[in-house]
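# Analysis of the macromolecular model
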Amino acid sequence: MAICYIGIGSNLGDREKNIKGSIRRMNRVDGISALKRSSIYETEPQGGPPQGKFLNACVKIRARLKPQDLLKALKSIEREMGRRKTARFGPRIIDLDILLYGNEKISRRGLKIPHPRMLERDFVLMPLKEIAPKIKI
């Protein structure tokens, strides 16, 4: 079992509903329990094509899933909510990223933990620091 932090973003449709819905869906996955959610922050998109502003949040979860299985579960939630592959850093209904998985460091094709760009992104750090102010990254 591991304490993990998941970054959440949405800039299509009802962005707040998308964020809250993704957390509800996470809670329905056997092996995931949401423990704490940050406030929701509105942020400018970074990179990618022209697009609308994002809403971002972070959720602390307890996971009984291995990191690769957690990633599969999150990608499945994205698909269920209607996310489709478009331009890199393009607009999306929902984006779920594993930021931290316990104290593990993982570098595999398709899975890097800690998330490789999280320290460069205020839209990740603000909600993460809100729910885990003493976390060491």
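Residues numbered from 1 in each chain as written. Predicted model: local features only at pLDDT ≥ 70, side-chain atom pairs only at ≥ 80, totals over all residues. Heavy atoms only, no water.

A few words on the pairing of strand E1 (residues 2-10). Judged by how many residues are buried, E1 sits mostly within the fold: eight of nine residues are covered. Across nine bridges, the pairing between E1 and strand E4 (residues 54-63) is antiparallel. Note on E4: the bridge partner recorded for Tyr 5 is Lys 60. Strand direction decides the pairing type here: E1 and strand E5 (residues 95-101), joined by six bridges, are antiparallel. Bridging across to E5, Cys 4 finds its partner in Tyr 101. (Buried < 20%, exposed > 50% of the residue type's maximum accessible area, 1.4 Å probe, protein only. Helix = DSSP H or I, 4+ residues; strand = E, 2+ residues; numbered from the N terminus. Pairing = 2+ DSSP bridges.)

Counted at 1.5 Å a residue, the expected span for helix H1 (residues 15-28) with its 14 residues is 20 Å, and the 20 Å between its end C-alpha atoms agrees. Of all the residues in H1, the buried ones are Asn 18, Ile 19, Gly 21, Ser 22, Ile 23 and Met 26. Residues of H1 that are buried sit in contact with E1, strand E2 (32-37), E4, helix H2 (67-80) and E5. (Expected span 1.5 Å × (residues − 1). Contact = heavy atoms within 4.5 Å.)

Attention now goes to the environment of Leu 96. Of note, Leu 96 is situated in strand E5. Taking the C-alpha atoms as reference points, Leu 96 and Lys 129, 33 residues apart in sequence, are found 17 Å from one another. In contact with Leu 96, not counting residues within four places along its chain, are Ile 6, Gly 7, Ile 8, Ser 22, Met 26, Leu 74, Lys 75, Ile 77 and Glu 78.

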